[in-house]
Every structure is written in structure tokens, then in C-alpha cells.
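Each chain, letter by letter, is given below.
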Amino acid sequence: MTRFMALVLGAVLLAGCTGPTYTYSKPDGSPMGFKQDSYACVQDASIDAKRQAYRLYKTCMEARGWTAEASQ
């Protein structure tokens, strides 16, 4: 399951690479402030991508007749 999720996450991230390139600016922004904020946003995006990958995996498994059961 971990390998599948890694593949789905990789596909999601690669799909993001095909979009436009952005530059960011902020009044009174500094390079260090940009790096800190950028790092925090990458972490948030990674968590969201993992959640989305799991939802896609779960939906696919259920479409194939499998039922998810919570561990006890």
C-alpha cells in the first residue's frame, strides 16, 4: 500500500510540474522569510497530497469490491 501511495503521490506532484511558473512577492518580504514560508507551505501541500492519494486509493479499492475496515 505504501508503494502504491508513493506512486500516486509522485503522479500528483509530477502533474503539478506541468503548470505555469510563479514568482512570489510580499511587501517588506525577505529571502529568509520567503524560505520559511515556502517550507511551511511545502509541508502542508505534502500532507494534503497524501490525504488525496489515500482517498483515491480507497475509492479505487471500493470500486473493485473491497471494503475498508478500521484496525482495532
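Computed from a predicted structure; not experimentally measured. (Residues numbered from 1 in each chain as written. Predicted model: local features only at pLDDT ≥ 70, side-chain atom pairs only at ≥ 80, totals over all residues. Heavy atoms only, no water.)

Turning to the pattern of salt bridges, a few remarks are in order. Scanning all chains against the criterion turns up 3 salt bridges. Lys-26 serves as the salt-bridge partner of Asp-37, at 3.7 Å between the closest nitrogen and oxygen. Of this pair, Asp-37 sits in helix H2 (residues 31-63) while Lys-26 sits in the loop between helix H1 (2-16) and H2, placing them 11 residues apart in sequence. For Glu-62, the salt bridge identified is with Lys-58, shortest N-O distance 2.8 Å. With a gap of 4 residues between them, Glu-62 and Lys-58 both fall in helix H2, about one helical turn apart. Looking at Glu-62, the relative accessible area reads 38%, which means it is partly exposed. Given the relative accessible area of 31%, Lys-58 is considered partly exposed. (Salt bridge = Lys/Arg side-chain N within 4 Å of Asp/Glu carboxyl O. Helix = DSSP H or I, 4+ residues; strand = E, 2+ residues; numbered from the N terminus. Buried < 20%, exposed > 50% of the residue type's maximum accessible area, 1.4 Å probe, protein only.)

So, on to the packing of aromatic side chains. For the coordinates displayed, the defined rule picks out 1 aromatic pair. Relative to Phe-34, the ring of Tyr-24 lies with its centre 6.4 Å away and its plane at 35°, an arrangement referred to as tilted. Of this pair, Tyr-24 sits in the loop between H1 and H2 while Phe-34 sits in helix H2, and the two are 10 residues apart along the sequence. For Phe-34, a relative accessible area of 47% translates into the label partly exposed. (Phe/Tyr/Trp six-rings, centres within 6.5 Å; stacked < 30°, edge-to-face > 60°.)

Moving on: unusual backbone geometry. The residue Asp-28 is not glycine, and still its phi comes out positive at about 60°. By the secondary structure assignment, Asp-28 is in the loop between H1 and H2. Judged by relative accessible area, Asp-28 falls into the exposed class, the value being 84%.

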